[in-house]
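Structure at a glance
Spelled out from the first residue to the last, the chains are:
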Amino acid sequence: ASEPTRLKVCSNKFKSLVSYDTVATHCVTVHEAKTMDRAEFSKAMDVYSFEPSIYEVWDDLHEFYYATVIHGAYLEGAVSEQSSRMSAMENASKNASEMLEKISLIYNRARQAKITTELCEIISGASAV
């Protein structure tokens, strides 16, 4: 579809490290630009200066516009994914640290119990002599 009549790009929009929104971004297509009221289109583009006319420029640049919208959506999605991965890795590291502390505590208690048992055996053996 080299000349789409409607174009919406669905992607994730980064909000913060722990959340993102799924958005559908509407892009102005060549068909919509040609059928749009000239005054309305001009009003939206008056902040820019075009040479040659805006309608000739639009015919040349609409593919670049589509590509930049898609690339921007890709970058937003990549940021959202990376922040989710960072959050998941942080949680996994925290859980691993907690597990290590619990295992160390269990190991130290078992070692201390064994030492106490050996001391009791040595003391009871010495008192028997």
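Residues numbered from 1 in each chain as written. Predicted model: local features only at pLDDT ≥ 70, side-chain atom pairs only at ≥ 80, totals over all residues. Heavy atoms only, no water.

**Some thoughts on a negative patch on the surface**
Taken together, the side chains of E3, E56, D59, D60 and E63 define an acidic patch exposed on the protein surface. Along the chain, the position of E3 falls in the segment before β1 (7-16). (Patch = residues over 30% accessible without salt bridge, like charges linked within 9 Å, V, L, I, M, F, W, Y side chains within 5 Å. Areas by Shrake-Rupley, 256 points an atom, 1.4 Å probe, with all protein chains shown as cover. Salt bridge = Lys/Arg side-chain N within 4 Å of Asp/Glu carboxyl O. Lys, Arg positive; Asp, Glu negative; His and termini not counted. Charge placed at Lys NZ, Arg CZ, Asp CG, Glu CD. Helix = DSSP H or I, 4+ residues; strand = E, 2+ residues; numbered from the N terminus.)

**Quick look at the layout of surface pockets**
By volume, the largest pocket amounts to about 260 Å³. Lining the largest pocket are eleven residues, with M45, F50, W58, L61 and Y65 sitting closest to its centre. Residue contributions to the lining of the largest pocket peak at six residues, all from helix α3 (residues 54-128). Tallied by class, residues from the lining of the largest pocket come to eleven nonpolar, no polar and no charged. (1 Å grid on protein atoms, 1.4 Å probe; cavity = no way out; pocket = protein on both sides within 12 Å on 5 of 7 lines; lining within 4 Å. Points joined across faces, edges and corners; volume = space filled by probe spheres on them. Nonpolar A, V, L, I, M, F, W, Y, C, P; charged D, E, K, R; others polar.)

**Remarks on the pairing of β1**
Examined bridge by bridge, β1 and strand β2 (residues 19-27) share nine bridges and lie antiparallel to one another. Looking at the pairing, L7 lines up with C27 of β2. Two successive antiparallel strands, β1 and β2, enclose a turn made up of two residues. (Pairing = 2+ DSSP bridges.)

**Considering a nonpolar patch on the surface**
There is a patch of nonpolar side chains on the surface, built from I115, L119, I122 and I123 and spanning about 410 Å² of accessible area. The residue I123 is located in helix α3 in this model.

**Section: the environment of M89**
Following the sequence through the fold, M89 ends up in helix α3. For M89, a relative accessible area of 55% translates into the label exposed. For the pair formed by M89 and N108, sequence separation is 19 residues and the distance between their alpha carbons is 28 Å. (Buried < 20%, exposed > 50% of the residue type's maximum accessible area, 1.4 Å probe, protein only.)

**So, the side chain of S80**
Within the secondary structure layout, S80 lies in helix α3. A relative accessible area of 2% places S80 in the buried class. Residues in contact with S80, not counting those within four places in the same chain, are N12, K13, F14 and Y20. (Contact = heavy atoms within 4.5 Å.)

**Brief notes about α3**
Because each turn of an α-helix spans 3.6 residues, side chains separated by three or four positions end up pointing in the same direction. Taking 1.5 Å of rise per residue, the 75 residues of α3 would be expected to cover 111 Å, and the 107 Å separating its terminal C-alpha atoms lies within 8% of that figure. The principal kink in α3, of about 55 degrees, is found at L61. Among the residues of α3, those classed as buried are I54, V57, W58, H62, Y66, V69, A73, S80 and S83. (Expected span 1.5 Å × (residues − 1). Bend = angle between axes of the 7 residues up to and from the residue.)

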